[in-house]
Amino acid sequence: MRESTTKAMAGPRPVVLSGPSGAGKSTLLKKLMKEHDNVFGFSVSHTTRNPRPGEVNGKDYHYVTREVMQASIDKGEFIESAEFSGNMYGTSKASVQDVQAKNLICLLDIDMQGVKNIKRTDLNPIYISIQPPSMAVLEKRLRDRKTESEESLQKRLHTAKVEMEFSKEPGVFDVIIVNDNLDDAYKQLQRALLEEINKVKKVNMSS
Ligand SMILES: Nc1nc2c(ncn2[C@@H]2O[C@H](COP(=O)(O)OP(=O)(O)O)[C@@H](O)[C@H]2O)c(=O)[nH]1
Ligand SMILES: Nc1ncnc2c1ncn2[C@@H]1O[C@H](COP(=O)(O)OP(=O)(O)O)[C@@H](O)[C@H]1O
């Protein structure tokens, strides 16, 4: 029998945002959480990559060594994990359960391997693909973000092409949002989640 990670805490449906590095996933997630107080909770992933300036351990990611992360995976503490651009990333069971225990919509920012693996679990999220208007715009945004070395940038651009192809496979994503103008993309995202948002607001208001 498949292990149930979340069934006991049946509440609002989680939301997976996926798409190329630089497509705007973090920007959109942060805006959702800022504009809807006490509705969303971020699933804080583990990663072996170094923190960027301004990122906070335990908030953006749990920054860990490869040894620590692998040991934790081996103990069965992760729902999914993947190798992305030379680093490990993964969603622990605790990261999702912490959010679901508060009856909040759990937001996951994961790559395409994560999407494939989450589809094999009973999490049953809404799958949303965030896409850049073009590869040229994606490259410009990633360069302007100034977080990547040239090598890391090239790796991300290469993976972005694979991620874009993956998103075209029918039935993978429930919603596809092209993040050209940020406000428009945000409105589309909010519209896609409105039903879930209203459900949570109603329940949390009456409790
Ligand atoms: N599978 C999986 N992917 C993750 C997880 N956390 C982050 N990612 C993905 O890893 C990739 C790199 O993330 P990051 O290093 O923060 O770079 P950024 O996307 O360019 O901001 C992105 O595609 C994220 O969606 C996770 O827990 N599992
Ligand atoms: N619609 C947009 N127009 C212009 N710049 C954007 C837009 N959306 C995001 N950005 C910028 O592009 C960069 C990549 O966005 P980010 O949210 O970090 O992407 P991801 O989390 O998908 O890697 C950031 O510097 C962000 O401020």
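Quick note: structure is the one above.
Treat the numbers as computed from the prediction; the structure is a model and nothing was measured.

Parameters and conventions
Residues numbered from 1 in each chain as written. Chains lettered and ligands numbered in written order. Predicted model: local features only at pLDDT ≥ 70, side-chain atom pairs only at ≥ 80, totals over all residues. Heavy atoms only, no water. Phe/Tyr/Trp six-rings, centres within 6.5 Å; stacked < 30°, edge-to-face > 60°. Buried < 20%, exposed > 50% of the residue type's maximum accessible area, 1.4 Å probe, protein only. Lys NZ or Arg CZ within 6 Å of the ring centre and 35° of its normal. Near = heavy atom within 4 Å. Polar contact = N/O pair within 3.5 Å; in protein donor to acceptor, adjacent residues only side chain to side chain. Areas by Shrake-Rupley, 256 points an atom, 1.4 Å probe, with all protein chains shown as cover. Helix = DSSP H or I, 4+ residues; strand = E, 2+ residues; numbered from the N terminus. Nonpolar A, V, L, I, M, F, W, Y, C, P; charged D, E, K, R; others polar. Core = buried A, V, L, I, M, F, W, Y, C linked by side-chain atoms within 4.5 Å. Contact = heavy atoms within 4.5 Å.

Participant: Describe the packing of aromatic side chains, naming the residues involved and giving the relevant values.
Facilitator: With the rule as written, the count across this model stands at 4 aromatic pairs. A ring pair is formed by Tyr 61 and Tyr 63, whose centres lie 5.8 Å apart and whose planes are at 65°; its orientation type is edge-to-face. Taken as a pair, Tyr 61 and Tyr 63 share a single burial class, namely buried. Each member of the aromatic cluster is reached from another via a ring pair, and the members are Tyr 61, Tyr 63, Phe 84 and Tyr 89. Across from the ring centre of Tyr 127, 4.1 Å away, lies the NZ or CZ of Lys 119, which sits over that ring.

Participant: Account for the site of ligand 1, naming residues and giving values.
Facilitator: Around ligand 1, 18 residues are found, and the nearest of them are Ser 21, Arg 49, Tyr 61, Tyr 89 and Asp 109. Note that an oxygen atom of ligand 1 is positioned 2.6 Å from one of the side-chain N or O atoms of Asp 109. Across the complex, the protein chains shield 98% of the 570 Å² of accessible surface that ligand 1 would expose by itself. Listing elements by their share of the shell around ligand 1, those giving two or more residues are strand E5 (78-84) and strand E6 (87-92). Tallied by class, the residues present in the shell around ligand 1 amount to 5 nonpolar, 5 polar and 8 charged.

Participant: I'd like a rundown of the nonpolar core, residues and numbers included.
Facilitator: Core analysis: the biggest nonpolar cluster contains 20 residues, and Val 15, Phe 40, Ile 128, Leu 189 and Leu 193 have the highest contact counts within it. Elements supplying a minimum of two residues to this core: strand E1 (15-18), helix H1 (25-35), strand E7 (105-109), strand E8 (126-131) and helix H7 (182-206). If you tally residues by element for this core, the top one is H7, at 6 residues. Setting aside its immediate chain neighbours within four residues, Phe 40 contacts Leu 32, Met 33, Leu 104, Ile 105, Leu 107, Leu 193 and Ile 197. Val 16, Ile 79, Leu 104 and Val 115 belong to the second-largest nonpolar core, a separate cluster that totals 16 residues.

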